[in-house]
Amino acid sequence: MTATIPTVTPPGRVALSFKAACMKAAWLTGLTLGCALLPAVASAQALSLPDSIVPQEQNRDGGEAAQASETDQAGPRADWRSGTYGPVSQKKQDELIDSLKPFGANLFTGGFRGAMGDGLNPGYRVKPGDQVNVRAWGAISLDKALPVDVQGNIFIPGYGPLDIEGQTSQQVDASVRQAITSIYPQQVEVYTNLQGVQPVAIYVTGYVENPGRYAGTPDDSLLYFLDQANGIDQALGSYRKIHVKRSGSVVATVDLYDFLISGDIPHIQFKDGDTIVVEERGPAIAVTGDVRQAYRYELIGTRLSGEEIAQLARLESGVSHVLLRGSRDDGPIAEYYPLERFGRQTVQSGDEVMFSADQRSETIVVELEGSYLGPSRYALPRDARLGELLDAVAVPKGMTSVSNISLQRESVKKQQAKSMKESLRRLETTYLGAPSSTNEEAQVRAKEAELIQNFIQRARELEPSGRLVVAHNGSIADIRLRDGDVITIPETSDSLLISGEIVVPQAVVYRPGMSVTDYIEGAGGFTQRADDDHVLLVRQNGAVVNADDATLRAGDEILVMPKAPTHNLQLATSLTQILYQIAVATKVAVDL
């Protein structure tokens, strides 16, 4: 029996036929599918992907050293598929961990010290030094501010002393009303108001920025007094162990995490001479990654569950995995868990937790702009190519310049921005620090420096387009699409734009047979700053070419570059090169 050997087409630039796809979509009456209008699309797609980056033959015949190593080991040194490994750049991670602030570090930026209490809340209890306004009318007329004496009494005319120490404002009102009506049982009305409270001085100490003695009222919040001391020491202070001491005994312990998370804080009525003590920060864990609250979190005990940490850190959307690093009794650990498994893990003091959105989507989203019919966004498989998308896009017949399709990509935009930044940096360092040997040369250098600084300032404000030219010589490259790509399908144009160093920049109707010079003269000619030897054409497909080397087309933009206003040939050459680079990346001629 003879085996049949399949024929494999070698990889290379293969012309794709979009005609079949167009025929399937003939239901669009009066429309022509984009593929029917598109030129051939070039493809450089590989036939298949190997199971391993390194061929198995190479693994088997990797040399004597590799063979010797394999004979010494029963298996691989690490199971790289297990995910039990740390981040690639441990140095950067360590620097990030060291820079983390404690959870609650921004608490004392809210201006608590500017919100002194008035002591008139319903739970306030009267003490010596306070004042009570008492008004009565009818059978008796009384309007007095009665002070609470050292024995806790107020003196009511016609009745005598009345003990109200420790009572709330409602209890004071009931006690005074009962006292007056016991003397005047009929036709009398009574009104009371706790007018003022005795100020207190509270000591704030421990791990705070400015320990000291601070004034307030008995009903002021604990946060008010801590803010008076400029808050908790971020390096050493605890946000979870704050004691209020009175006569040597702890009367309250406050955990500020309750306030930070849910807004709960105990109400403490302070007495003169109380002391607020902030303890040293206890064991903590560091949380970083794709979270809204990357901080050091202090523990009350020695451990937390993964679920509790996720609730504290407020995860960003899309988080899928968690890296846990730390030390245990049997040595250091570095475990990489799916998020659902991490919730059941126990995190101990000193651990580092990094949340990450580490699950690749199987789809990408690309956007269309320009002349097309149908939706503007498409969700495609990760390996989708430009030709596949163009097969499925319908365009208005006779209105679309399908040979000028271009693409904007975020990665290209970043590369253009980085390249521009580097060029401007080189320009700055090369010419701004150059020495001068004479006064005349120093004056020239000063003018050049001013020119360069102004140019750099304007150039840095420009934003690259990220345009990727995919149309060339009547064909469109069948490149693989990326998430976020924006594909421009331009309309057929019957005009062109004249811009840059032109007396009257304008858009004009394209007339076959007219040259670039004819259009420039029709727009008033060059300005005095124009470099008439450097005129560019910006094509609809995003390509930027020299006007001397190209044929003018409808839809082009004539871009006249400025001349470098300096006699320094080296500087003029550098500026011209950067101007070209900026024009290609932004389609803008920067004014010098």
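These figures come from a predicted structure and were not determined experimentally. Throughout, a residue's number is its position along its own chain's written sequence, starting from 1. The predicted nature of this model means local features are confined to residues of pLDDT at least 70 and side-chain atom pairs, given and counted, to a pLDDT of 80 or more, with totals for whole chains, interfaces and linings taken over all residues. Side-chain descriptors were evaluated using all non-hydrogen atoms of the structure, hydrogens and water having been removed beforehand.

### Examining the overall build of the protein
Inference 1: Summing up its helical and strand segments, the protein has 15 helices and 32 strands in all.
Inference 2: Partly exposed describes any residue whose relative accessible area lies between the buried limit of under 20% and the exposed limit of over 50%, with all areas from a 1.4 Å probe on protein chains only and scaled to the type maximum. Counting across all 592 residues of the protein, residues that qualify as buried make up 39%.
Inference 3: Look at the contacts in the protein between residues 6 or more apart in sequence, and 65% of them connect residues 24 or more apart.
Inference 4: For accessible areas, the Shrake-Rupley method is used with a probe of radius 1.4 Å. Any residue's cover is judged against the shown protein chains and nothing else. With the model as given, the accessible surface of the protein reaches about 33,600 Å², and the carbon-plus-sulfur share is 50%. Each helix is a run of H or I in the DSSP string that is no shorter than four residues. Each strand is a run of E no shorter than two, and both are numbered from the N terminus. Whether two residues are in contact is decided by their heavy atoms, any of which lying within 4.5 Å being enough.

### Here we look at the sheet that holds strand 10 (residues 237-246)
Inference 1: A pair of strands counts as paired when DSSP detects no fewer than two bridges linking them. Pairing in this open sheet of 5 strands is mixed, and the strands run 9-8-12-10-11 from one edge to the other. The outermost strands of the open sheet, each flanked by one partner alone, are strand 9 (212-216) and strand 11 (249-254). The sheet shows a mean angle of 30° between the axes of neighbouring strands, taken without regard to direction.
Inference 2: Sheet topology places strand 10 next to strand 11; 5 bridges connect them, and they run antiparallel. Bridged to K245 within strand 11 is V250. Helix axes are fitted to C-alpha atoms over the stretch in contact, other axes to C-alpha atoms as well, and angles between N-to-C directions run from 0 to 180 degrees.

### Re the environment of R292
Inference 1: Relative to the helices and strands, R292 is located in the loop between strand 13 (284-289) and strand 14 (296-298).
Inference 2: Measuring from C-alpha to C-alpha, the distance between R292 and S317 comes to 10.0 Å, with 25 residues separating the pair along the chain.
Inference 3: With sequence-adjacent residues up to four places away left out, R292 is seen in contact with A313, R314, L315 and E316.
Inference 4: Nitrogen and oxygen atoms within 3.5 Å of one another constitute a polar contact, given that in protein one can donate a hydrogen and the other can accept it, and given that sequence-neighbouring residues count only through two side-chain atoms. Polar contacts involving the side chain of R292 include one to the main-chain carbonyl oxygen of L315, which spans 2.7 Å.

### Here's the deal with the pairing of strand 12 (residues 275-280)
Inference 1: Looking at chain direction, strand 8 (residues 200-206) and strand 12 are connected through 4 bridges and run parallel. Looking at the pairing, V204 lines up with I276 of strand 12.
Inference 2: By the bridge criterion, 5 bridges tie strand 10 to strand 12 in an arrangement that is antiparallel. Bridge pairing links G237 to E280 in strand 12.

### A short note on the sheet that holds strand 14
Inference 1: Here we have 5 strands laid out as an open sheet, ordered 14-13-19-16-17, and mixed in their pairing. In this open sheet, the two strands that pair with only one neighbour each are strand 14 and strand 17 (331-338). On average, adjacent strands in this sheet sit at an angle of 20° to one another, irrespective of strand direction.
Inference 2: Here strand 16 (residues 321-328) runs beside strand 19 (residues 352-356); their pairing, made up of 5 bridges, is antiparallel. Paired with V322 across the two strands is F355, which belongs to strand 19.
Inference 3: Where helix 9 (residues 306-313) meets the sheet, its contacts fall on strand 13, strand 14 and strand 19, and the angle it forms with strand 19 comes to roughly 65°.

### Examining the packing of aromatic side chains
Given two aromatic rings, their pairing is described by the distance between the two centres and the angle made by the two planes.
Inference 1: Aromatic contacts are taken between Phe, Tyr and Trp rings whose centres are within 6.5 Å, Trp giving its six-membered ring; a plane angle under 30 degrees counts as stacked, one over 60 as edge-to-face, and the others as tilted. Scanning the entire structure with this criterion turns up 7 aromatic pairs.
Inference 2: Between the aromatic rings of Y224 and F225, the centroid separation amounts to 5.2 Å while the plane-to-plane angle is 80°, which identifies the pairing as edge-to-face. Comparing Y224 with F225, the two get one shared label, buried.
Inference 3: Measuring from ring centre to ring centre gives 6.4 Å for Y295 and Y297, while their planes differ by 80°; the resulting arrangement is edge-to-face. The same class applies to Y295 and to Y297, which are both buried.
Inference 4: One aromatic cluster is present, built from ring pairs that chain together F103, Y257, Y295 and Y297.

### Description of the pairing of strand 6 (residues 160-163)
Inference 1: In the sheet, strand 5 (residues 153-156) pairs with strand 6 via 4 bridges, with the strands oriented antiparallel. Looking across to strand 6, one finds that I154 is bridged to L162.
Inference 2: In sequence, strand 5 turns back onto strand 6 through a hairpin of 3 residues, with G158 there showing a positive phi of about 85°.

### A closer look at the environment of T205
Inference 1: Relative to the helices and strands, T205 is located in strand 8.
Inference 2: Taking relative accessible area as the criterion, T205 reaches 33% and is therefore assigned partly exposed.
Inference 3: Separated by 27 residues in the primary sequence, T205 and I232 have C-alpha atoms spaced 9.8 Å apart.

### Details of the environment of A585
Inference 1: Considering the arrangement of structural elements, one finds A585 in helix 15 (residues 569-586).
Inference 2: Each C-alpha atom, one on A585 and one on A543, is 9.9 Å from the other, the two residues being 42 residues apart in sequence.

### Focus: the nonpolar core
Inference 1: Counting residues in each nonpolar core, the largest one holds 46 residues, and the members touching the most others are L226, L256, I276 and F355.
Inference 2: With 5 residues, the top contributor of residues to this core is helix 7 (residues 222-228). To define a nonpolar core, start from buried Ala, Val, Leu, Ile, Met, Phe, Trp, Tyr and Cys residues and group those joined through side-chain atoms within 4.5 Å.

### Let's talk about unusual backbone geometry
Inference 1: Phi is positive for N230, which is not a glycine, with a value near 65°.
Inference 2: The residue N230 is located in the loop between helix 7 and strand 10 in this model.
Inference 3: Judged by its relative accessible area of 38%, N230 falls in the partly exposed class.
Inference 4: The backbone phi angle of S247 is positive, close to 55°, even though this residue is not glycine.
Inference 5: Mapped onto the fold, S247 is located in the loop between strand 10 and strand 11.

### Looking at the pattern of salt bridges
Inference 1: The term salt bridge refers to a pairing of a side-chain nitrogen on Lys or Arg with a carboxyl oxygen on Asp or Glu at a separation within 4 Å. Scanning all chains against the criterion turns up 13 salt bridges.
Inference 2: A salt bridge links D255 to R240; the shortest N-O distance between them is 2.9 Å. Within this pair, whereas D255 is found in the loop between strand 11 and helix 8 (256-262), its partner R240 is found in strand 10, the two being separated by 15 residues in sequence. Here the two residues D255 and R240 agree in accessibility, since each one is buried.

### Focus: empty space enclosed by the protein
Inference 1: Both cavities and pockets are sets of points on a 1 Å grid over the protein atoms alone; in a cavity a 1.4 Å probe fits but cannot get out, in a pocket the set is open with protein on both sides within 12 Å along at least five of seven lines, and lining residues sit with an atom within 4 Å of a point. Grid points are joined across faces, edges and corners, and a volume is the space filled by probe spheres set on the points. For the structure shown, the criterion picks out 1 cavity of 30 Å³ or more.
Inference 2: Volume-wise, the largest cavity comes out at about 40 Å³.
Inference 3: As for the largest cavity, its lining consists of I140, L142, I156, P157, G158, Y159, A179, I180, I183 and Y184.
Inference 4: Residue contributions to the lining of the largest cavity peak at 3 residues, all from helix 6 (residues 169-183).
Inference 5: Three classes are used: nonpolar for Ala, Val, Leu, Ile, Met, Phe, Trp, Tyr, Cys and Pro, charged for Asp, Glu, Lys and Arg, and polar for all others, with Gly counted as polar. Looking at the lining of the largest cavity residue by residue, the classes come out as 9 nonpolar, 1 polar and no charged.

### Concerning the confidence of the model for the protein
Inference 1: Looking at the protein as a whole, its pLDDT mean stands at 78, while 78% of the residues score no less than 70.
Inference 2: The lowest-confidence element of the protein is helix 1 (residues 19-24), averaging 35 in pLDDT; the highest-confidence one is strand 12, averaging 96.
Inference 3: The predictor attaches a confidence to each residue, and that confidence, scored 0 to 100, is pLDDT. Within the model, pLDDT remains below 50 along residues 1-88, and this stretch shows 82 contacts once partners closer than five positions in the same chain are excluded.

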